[in-house]
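# Per-entry structural report
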Amino acid sequence: MNKLILIFYFGELGIFYSLTIGGIVLEIPLAIAEYCISCILVLRYQDDLKKKIARQKEKLTIKKERIKEKVNKFRHRKPV
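### Considerations on the overall build of the protein
Looking only at helices and strands, the protein features two helices and zero strands. Out of the 80 residues belonging to the protein, those deemed buried represent 0%. As presented, the protein carries roughly 8,400 Å² of accessible surface, and 67% of it is formed by carbon and sulfur atoms.

### Observations regarding the state of the cysteines
In the structure shown here, the tally under the stated rule is zero disulfides. Between Cys36, a free cysteine, and Cys39, which holds the nearest cysteine sulfur, the sulfur-to-sulfur gap is 6.7 Å. Take Cys36: its relative accessible area is 39%, and that puts it in the partly exposed class.

Rules and cut-offs
Numbering of residues starts from 1 in each chain and follows the order in which that chain's sequence is written. For this predicted model, a pLDDT threshold of at least 70 governs which residues receive local features, and a threshold of 80 or more governs which side-chain atom pairs are given and counted, while totals over whole chains, interfaces and linings are taken from all residues. Water and hydrogen atoms play no part in the side-chain values, which are based on all heavy atoms of the structure. Runs of H or I in DSSP of at least four residues are treated as helices and runs of E of at least two as strands, each being numbered from the N terminus. Between buried and exposed lies partly exposed: a residue is buried under 20% and exposed over 50% of the maximum accessible area for its type, with that area taken using a 1.4 Å probe on protein chains only. Note that accessible areas follow from Shrake-Rupley with a 1.4 Å probe, and for residues the cover is restricted to the protein chains shown. By convention in this document, the label disulfide applies to cysteine sulfur atom pairs within 2.5 Å.

Written as structure tokens, this is what we have:
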């Protein structure tokens, strides 16, 4: 049994080399494509997140301005 395993790994190196070269030929272009796709998706996500944060900041500034206006109106009221 052990002899059969040794023959498979060391006796037939042509199979091992062909599988290795085939894997390299297929995997390197796929890895590059996957990297590019994931970069594009991450950048889109970050842009969407930045836009969402900007909208939230804008809403908060509007609320702060409204609160300041109400406080100023209350301060400038004449006492009864």
